[in-house]
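Geometric and topological summary
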Amino acid sequence: MLIRLSPDAASTDLPSDITPKHAYLNRRALLQQSLGLGLLTGMGAAWSQTGPTPTVVPGKLPALASKRSALENALAVDVPTAYTYASTYNNYYEFGTDKSEPARNAHTLKTKPWTLEIEGLVKKPMRLGLEEVMKLGAMEERIYRMRCVEGWSMVIPWIGFSLSTLVKHVEPLGSAKFIEFVTLADPKTMPNVGSRVLDWPYIEGLRMDEAMHPLTLLTFGMYGEILPNQNGAPIRLNVPWKYGFKNAKSIVKIRFTDKQPATAWNKAAANEYGFYSNVNPNVDHPRWSQATERRIGEDGLFNKKRKTLMFNGYEAQVASLYSGMDLSKNF
Ligand SMILES: Nc1nc2c(c(=O)[nH]1)N[C@H]1C(S)=C(S)[C@@H](COP(=O)(O)O)O[C@H]1N2
Ligand SMILES: [Mo]
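Below, the structure is looked at part by part.

Definitions and cut-offs
Residue numbers restart at each chain and count upward from 1, following the sequence in its written direction. Here every chain gets a letter starting at A, and every ligand a number starting at 1, in the order they are written. This being a predicted model, a pLDDT of at least 70 is required before a residue's local features are given, and a value of 80 or more before pairs of side-chain atoms are given or counted; all residues contribute to the totals for chains, interfaces and linings. Remark: hydrogens and water are excluded; side-chain values derive from all non-hydrogen atoms of the structure. By the criteria applied, helices consist of DSSP H or I runs no shorter than four residues and strands consist of E runs no shorter than two, each listed in order from the N terminus. Here the term buried applies to any residue with accessible area under 20% of the maximum for its type, exposed to any over 50%, and partly exposed to those in between, with areas from a 1.4 Å probe on protein chains only. Residue contacts are counted whenever heavy atoms from the two residues lie within 4.5 Å of one another. Note on aromatic pairs: the rings of Phe, Tyr and Trp (six-membered ring only in Trp) are paired at centre separations within 6.5 Å, and the planes decide the class, stacked below 30 degrees, edge-to-face beyond 60, tilted for the rest. By convention in this text, a residue qualifies as near a molecule or strand provided that one of its non-hydrogen atoms is within 4 Å of it. Within 3.5 Å is the distance limit for a polar contact, defined as a pair of N or O atoms, with the added protein rule that one can donate a hydrogen and the other accept it, and that residues adjacent in sequence qualify only through two side-chain atoms. To measure how exposed things are, a 1.4 Å probe is used in the Shrake-Rupley method; for residues, cover is taken only from the protein chains shown. Throughout, the ten residues Ala, Val, Leu, Ile, Met, Phe, Trp, Tyr, Cys and Pro are labelled nonpolar, Asp, Glu, Lys and Arg are labelled charged, and all others, Gly among them, are labelled polar. Any Lys or Arg side-chain nitrogen found within 4 Å of a carboxyl oxygen on Asp or Glu counts as a salt bridge.

1. Quick look at the overall build of the protein
- The secondary structure content of the protein amounts to 10 helices and 12 strands.
- Residues counted as buried form 57% of the 331 residues belonging to the protein.
- When contacts within the protein are restricted to residue pairs at least 6 apart in sequence, long-range pairs at least 24 apart make up 71% of them.

Below is the structure:
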């Protein structure tokens, strides 16, 4: 399932037009079936060139629709990472700390039934089944560059809708300043939750304006399919201008708070992993440089690396969120 797109074909198009339209629409229709109607299970069915004609054509991101942005220019020369890498080279410490372990171990994760609890400083706290969550918004494909703090990157076509849709639905109180994301920690199905490598459950957090940014994606699928367990099924976060560890997998609770959440990696090593975690080539990790990255599947270990871009290439979209902040202190 290798997805290769011609940079020439892409150079005049917006990101959502990079994929040949017929393939895109068929994938979308298949995803709607698999996510919405429950007709398909697992993999193998999607990414077909033939299929039902969809009735809904996805729209562009409002923030990106008007003119070609730095993001679009950057993505026009990027190609999505092969599905085999995106689904076998993973960080999901609950299933092991080796990159190959989540793909081997995560089959034990039980994603049905799944309940998402929304609590804290909101007018309408609620418990929603996965299907109810998915009905809150219109699914879109977003091709995002992902940059892991360890120095590698991928380009992944995610499927989901902006987190802001869910946030508006539960009506946060004025006192809500942050959102905490709590993920599943089940020692019965997650072999590494017994270890002390992190303080479980894995918790992440965003400031409210970051959570409301249209690029912040509540994600249910990738490459036109439901998420594989190792990629955080059935529901995860994707905040593409931040290091990968911000993207909490298998979320069970979303809590609105007035205080900055204590996040898993910040608790483990505060001097190495800050709350903001914005991709920043100018701020080194204490133990290594963040100036360059290795694109998985593209560069061999000994090939040249890519330059890491400020805010992972999403500077035009998100830099204003941090104006006036010292990003070497708020790393
Ligand atoms: N629950 C949970 N979420 C997690 C992690 C984890 O260990 N546990 N690892 C994070 C890290 S470090 C990265 S780089 C991304 C990897 O996402 P991917 O495997 O889909 O590429 O997931 C993030 N979300
Ligand atoms: Mo990561």
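What follows continues from the structure just given.
2. Observations concerning the packing of aromatic side chains
- In the structure shown here, the tally under the stated rule is 12 aromatic pairs.
- Here Tyr83 and Tyr223 contribute two aromatic rings whose centre-to-centre distance is 5.1 Å and whose plane-to-plane angle is 90 degrees, an arrangement assigned as edge-to-face. Of the two residues, Tyr83 is situated in helix 4 (residues 83-86) and Tyr223 in the loop between strand 7 (217-222) and strand 8 (225-226); the sequence distance between them amounts to 140 residues.
- A relative accessible area of 5% places Tyr83 in the buried class.
- With a centroid separation of 5.8 Å and 85 degrees between ring planes, the pair formed by Phe178 and Phe275 is classed as edge-to-face. Separated by 97 residues along the polypeptide, Phe178 in strand 5 (residues 178-183) and Phe275 in the loop between helix 9 (264-268) and strand 11 (292-295) bring together distant segments of the chain. Each member of the pair, Phe178 as well as Phe275, carries the same accessibility label: buried.
- One aromatic cluster is present, formed by Phe178, Phe275, Tyr276, Phe311 and Tyr322 through successive ring pairs.

3. Regarding the site of ligand 1
- Among the 15 residues in the neighbourhood of ligand 1, the closest are listed as Asn90, Tyr93, Arg236, Asn247 and Lys249.
- Between an oxygen atom of ligand 1 and a main-chain N or O atom of Tyr93, the distance comes to 2.7 Å.
- Between a nitrogen atom of ligand 1 and a main-chain N or O atom of Asn247, the distance comes to 2.8 Å.
- Relative to its unbound accessible surface of 540 Å², ligand 1 loses 95% to contact with the protein.
- Taken together, the residues of the shell around ligand 1 sort by class into six nonpolar, six polar and three charged.

4. Focus on the pattern of salt bridges
- One pass over the full model with this rule turns up 17 salt bridges.
- Among the salt bridges present, the one from Glu180 reaches Arg255, with a minimum N-O distance of 2.7 Å. Pair noted here: Glu180 is in strand 5 and Arg255 is in strand 10 (residues 251-257), with a separation of 75 residues, a long-range link.
- Close ionic contact of Glu293 with Arg295 constitutes a salt bridge, the shortest N to O distance being 3.6 Å. In terms of burial, Glu293 and Arg295 fall into one category: buried.

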